[in-house]
Structure formats: C-alpha cells, structure tokens
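So you can see what is in the structure, the chains are spelled out below.
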Amino acid sequence: VAINWSRLLADPNVLAVIEKMVTEKVESFQPSVDQNGEIIFGELNGILGRDSFKVLEELATASVLSRRSESRLLSCPVHEGSFDLTARLKCTGCSSMLLRKGSLMQHACGYIGAQEAFGTNCPKCGKPAAPQSLKAMGTWYECEGCKSRFASPNVYLYCSKHNHDFPIQQAKLMDQPSFRLTPEAAEELRSRLGTLIMITRGLRAKNLQVQISGTIQGASGVQHAFDLVIQDDSNKIPVDVNLSTKEPVGIVAVLATYAKALDTQSKTPVLIAIPSASEDAKKSASAYGLLLIEGAESSSIVQQLKEFLDRVKAKNEATVKV
Ligand SMILES: [Zn+2]
Ligand SMILES: [Zn+2]
Ligand SMILES: [Zn+2]
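Quantities reported herein were computed from a predicted structural model and do not represent experimental measurements. (Residues numbered from 1 in each chain as written. Chains lettered and ligands numbered in written order. Predicted model: local features only at pLDDT ≥ 70, side-chain atom pairs only at ≥ 80, totals over all residues. Heavy atoms only, no water.)

Visitor: So, the overall build of the chain: which residues are in play, and what are the values?
Guide: From N to C terminus, the chain includes eight helices and 17 strands. Radius of gyration (C-alpha) of the chain: 34 Å, far over the 20 Å computed for a compact globule of 322 residues. In terms of overall dimensions, the chain has a C-alpha envelope of 110 × 40 × 35 Å along the principal axes. The long-range fraction of contacts in the chain, counting pairs at least 24 apart against all pairs at least 6 apart in sequence, stands at 61%. For the chain, the exposed area adds up to about 17800 Å²; of that, 50% sits on carbon and sulfur atoms. (Helix = DSSP H or I, 4+ residues; strand = E, 2+ residues; numbered from the N terminus. Rg over C-alpha atoms; globule rule 2.2 N^0.38 Å. Contact = heavy atoms within 4.5 Å. Areas by Shrake-Rupley, 256 points an atom, 1.4 Å probe, with all protein chains shown as cover.)

Have a look at this one:
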C-alpha cells in the first residue's frame, strides 16, 4: 500500500512528528506513564503533548509506523485512560479498609500460630523459637471493624484523579504500544521526501505557507501536482524538487515543470536541482522563465528560495504602485 503522504503532511501535528524523525533521526517512540497517569511518549515531549497518542495511531494506520504492544495497563473503567491507580484492601464482610495483616508461622515441633504468638519460646513445646526456626505458612487479614479473619481481602483500585474506587475485576486492560518507523517509510524519508520536509520546514520558519505535494488547477482543467506549492499573498508558486546523485539534473526535468507551469499560468515556477543541474538544463530553464536553484543543503536552497520570493514581492509591489 502506497503511503498517502500529501494527505498526512497536511496535518501540522503529523508534520511535526515526521520532522522530528527526519531532523533528529528518531525511528521509534516508546510509551511511559506520566505523573498525571496518562500515556506519554518522551520523544515527543514539548512537541505534541496530549495529542501524541492519537497522531502516532494515525501514522500507524497510514503504514508510516508499525505498532507493537509493550504491555497492558489497568485503567479505570469509568475514566478510560486514567492509569493512576492504587490498590485498596477491603474487609470481605463489612468493606472496612482498616485491616491488619498477620502471618501464620510453624514451629519445628509442628505447632502453627500467629507470628506474635511466638515469644522467645514456642507456646506449645516451650523450646526456643528463634525467627530462623519458624516457617511461614501463610498470610491472613483481620478486620478492625467486624473482627473477622480471612486469607483474601477484596481488592479495589482507587482512581486518584477522580477520587473513587472500583473492584479490580472491573478494571479495563489498555494496550500500551510502542511505534516504530516501517522500512518502506524509512526509505522514503531518507530520500526525496526527507529533503522536501527539510525545505518545507525552513520555509515555514520564514513564515511562508507551504504545501507538500500540492496541486494547482491548469487552464486545461487538469490538476497539476507539484512537490511544493508556496502561497505568497495571492500568488501560488509551484516548486518541483529533483534529486539526482549520479548525474546533474537534466533538461527533461525542466521541460516537465515548464509544461505544468505553463498550463497553470504560473508566472514564477521554481525547479530545485539537488545537488546540481546540467548546463543544458540551466540554459533552457532561463529561456523558459523558470527559476533554477541548485544546492546540496536544504538550508542553502531555502535561503535562495526566500531571496527569490522577496524579489518577486518587491516587483509586485512596484507594479501595484505604478
Ligand atoms: Zn476513575
Ligand atoms: Zn469487617
Ligand atoms: Zn514448638
């Protein structure tokens, strides 16, 4: 299944997570429970907060991440997602929580009694009853309220955030998953898409509106896809990004972008060649009125794009004044 990146990256939260993966080479997200009793992902601290889980699930559905169950957490059945629970023991008879816990011990002679029944000597045989001569036989509880004794008290869980408790049998088991980048998505992020994201990030940092895998409607009625569409005031600027490591980006790339730009009547189409373009490509780009930007680093590409956009803006403003 092909990943629908353009739909995913339109969501700023998704873009923030993908950016994190591309810029910091984060490949997995591990869950933990914070002091508020909620599942958090440390890698996303300060980026998404409460939305992290939802966004990671969305990326898992889209095959960008794979989901793996790490453990199951007990959750309050009323307040789903509340994991801040502490156990409470209650009397099986009167539900009092004032229980005492005792141990039954057996002496070497066979006598069984409560631990406190043994002093320095066994009450049955009278011989010394040092702790190491006593064998633990079990635990019992005694209720201070109704004085009944039992081996297994009722276990309740106290939901501290909402100040109520419930029998442990009613607790919900919630999945606590971790997420990991799928090999297919990793491959795409390492190549062209990663570059697109870095450029988009740089342009957005300069307060520009950028759409990844945007489309512009042509005069022919065809929706033309461009790698990036920059919205600068009322101007839509189409940008194609060509990556070629073996040989310089050639004339075919120029023609492809030119044909789309012509139909969409874009006055200022841009072609980015990473890391460089051939002499022929440069000549034809200039003849067709395409801005051709060369560069290996996204920062230098962003800088050149920004300077170009500033020039376009200054020209437009000058035209308006006339
Ligand atoms: Zn609750
Ligand atoms: Zn009781
Ligand atoms: Zn004894």
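Alright, that's what it looks like, and here's the rest.
Visitor: Could you give an account of the sheet that holds strand β15 (residues 235-243), naming the residues involved and the relevant values?
Guide: Taken in spatial order, the five strands of this open sheet run β13-β14-β15-β16-β17, and their pairing is mixed. Looking at strand neighbours, the two that pair on one side only are β13 (209-217) and β17 (291-294), the edges of this open sheet. Strand after strand, the sheet turns through a mean of 35° between neighbouring axes, direction not considered. Of the pairings in the sheet, the one linking strand β16 (residues 270-274) to β17 comprises four bridges and is parallel in character. The residue of β17 that forms the bridge with Leu271 is Leu292. Across the face of the sheet, helix α5 (residues 192-205) comes into contact with β13, β14 (223-232), β15 and β16 while running at roughly 110° to β13. (Pairing = 2+ DSSP bridges. Axes fitted to C-alpha atoms, helices over the stretch in contact; angles between N-to-C directions.)

Visitor: Run through the coordination of the zinc ion (ligand 3), naming residues and quoting values.
Guide: Ideal geometry at a metal centre gives angles of 109.5 degrees when four donors are arranged tetrahedrally and 90 or 180 degrees when six donors are arranged octahedrally. Donor atoms from the polypeptide that coordinate the zinc ion (ligand 3) comprise His107 (ND1), Cys109 (SG), Cys122 (SG) and Cys125 (SG), at 2.0 to 2.4 Å from the metal. Coordination at the zinc ion (ligand 3) comes from four donor atoms whose angles at the metal span 103 to 119°, giving a geometry best classed as tetrahedral. Expressed as a motif, the donor residue spacing for the zinc ion (ligand 3) is H-x1-C-x12-C-x2-C. Within this pair, whereas His107 is found in the loop between β6 (99-106) and β7 (112-114), its partner Cys122 is found in the loop between β7 and β8 (135-143), the two being separated by 15 residues in sequence. The burial state of His107 is the same as that of Cys122; both residues are buried. (Donors = N, O, S within 2.8 Å, 3.2 Å for Na, K, Ca; no water. Tetrahedral: all angles 85-135°; square planar, octahedral: opposite > 155°, others 65-115°. Buried < 20%, exposed > 50% of the residue type's maximum accessible area, 1.4 Å probe, protein only.)

Visitor: How would you summarise the coordination of the zinc ion (ligand 2) if you had to cite specific residues and measurements?
Guide: Coordination of the zinc ion (ligand 2) by the protein is provided by Cys91 (SG), Cys94 (SG), Cys143 (SG) and Cys146 (SG), with metal-donor distances spanning 2.2 to 2.3 Å. Considering all four donor atoms around the zinc ion (ligand 2), the spread of angles at the metal, 102 to 122°, places the coordination shape in the tetrahedral class. Each donor residue of the zinc ion (ligand 2) belongs to the same chain, and together they define the spacing C-x2-C-x48-C-x2-C. Of this pair, Cys91 sits in the loop between β5 (85-90) and β6 while Cys146 sits in the loop between β8 and β9 (149-150), and the two are 55 residues apart along the sequence.

Visitor: Go over a nonpolar patch on the surface, please, and point to the residues and values.
Guide: On the surface, Ile251, Val252, Leu255 and Tyr288 cluster together to form a nonpolar patch covering roughly 350 Å² of accessible area. Among the elements that make up the nonpolar patch, the one with the highest residue count is helix α6 (residues 251-263) (three residues). As for its placement among the helices and strands, Tyr288 is situated in helix α7 (residues 279-288). (Patch = residues over 30% accessible without salt bridge, like charges linked within 9 Å, V, L, I, M, F, W, Y side chains within 5 Å. Salt bridge = Lys/Arg side-chain N within 4 Å of Asp/Glu carboxyl O.)

Visitor: Explain the packing of aromatic side chains to me, using residue names and the numbers behind them.
Guide: With the rule as written, the count across this model stands at five aromatic pairs. When the ring of Phe53 is compared with that of Phe179, the centres are 6.5 Å apart and the planes differ by 75°; the resulting orientation is edge-to-face. Taken together, the positions of Phe53 in helix α3 (residues 52-61) and Phe179 in strand β12 (residues 172-181) put the pair 126 residues apart, joining distant regions of the chain. Judged by its relative accessible area of 24%, Phe53 is partly exposed. Note on Phe179: relative accessible area 1%, which makes it buried. Summarising the aromatic geometry, the rings of Tyr111 and Phe118 are spaced 5.6 Å apart at their centres and angled 70° between planes, so their arrangement reads as edge-to-face. (Phe/Tyr/Trp six-rings, centres within 6.5 Å; stacked < 30°, edge-to-face > 60°.)

Visitor: Can you break down the pattern of salt bridges residue by residue, with the values?
Guide: Enumeration according to the criterion identifies 18 salt bridges in this entry. The partner of Arg149 in a salt bridge is Glu142, and the shortest N-O contact between them spans 3.3 Å. Where Lys306 meets Asp310, a salt bridge forms, and the shortest distance between an N and an O atom there is 3.2 Å. With Lys306 and Asp310 both in helix α8 (residues 298-321) and four residues apart, this pair spans about one turn of that helix. Overall, the relative accessible area of 36% leaves Asp310 in the partly exposed class. Ionic contacts of the salt-bridge type, sharing partners, join the residues Glu57, Arg67, Arg72 and Asp175 into one network.

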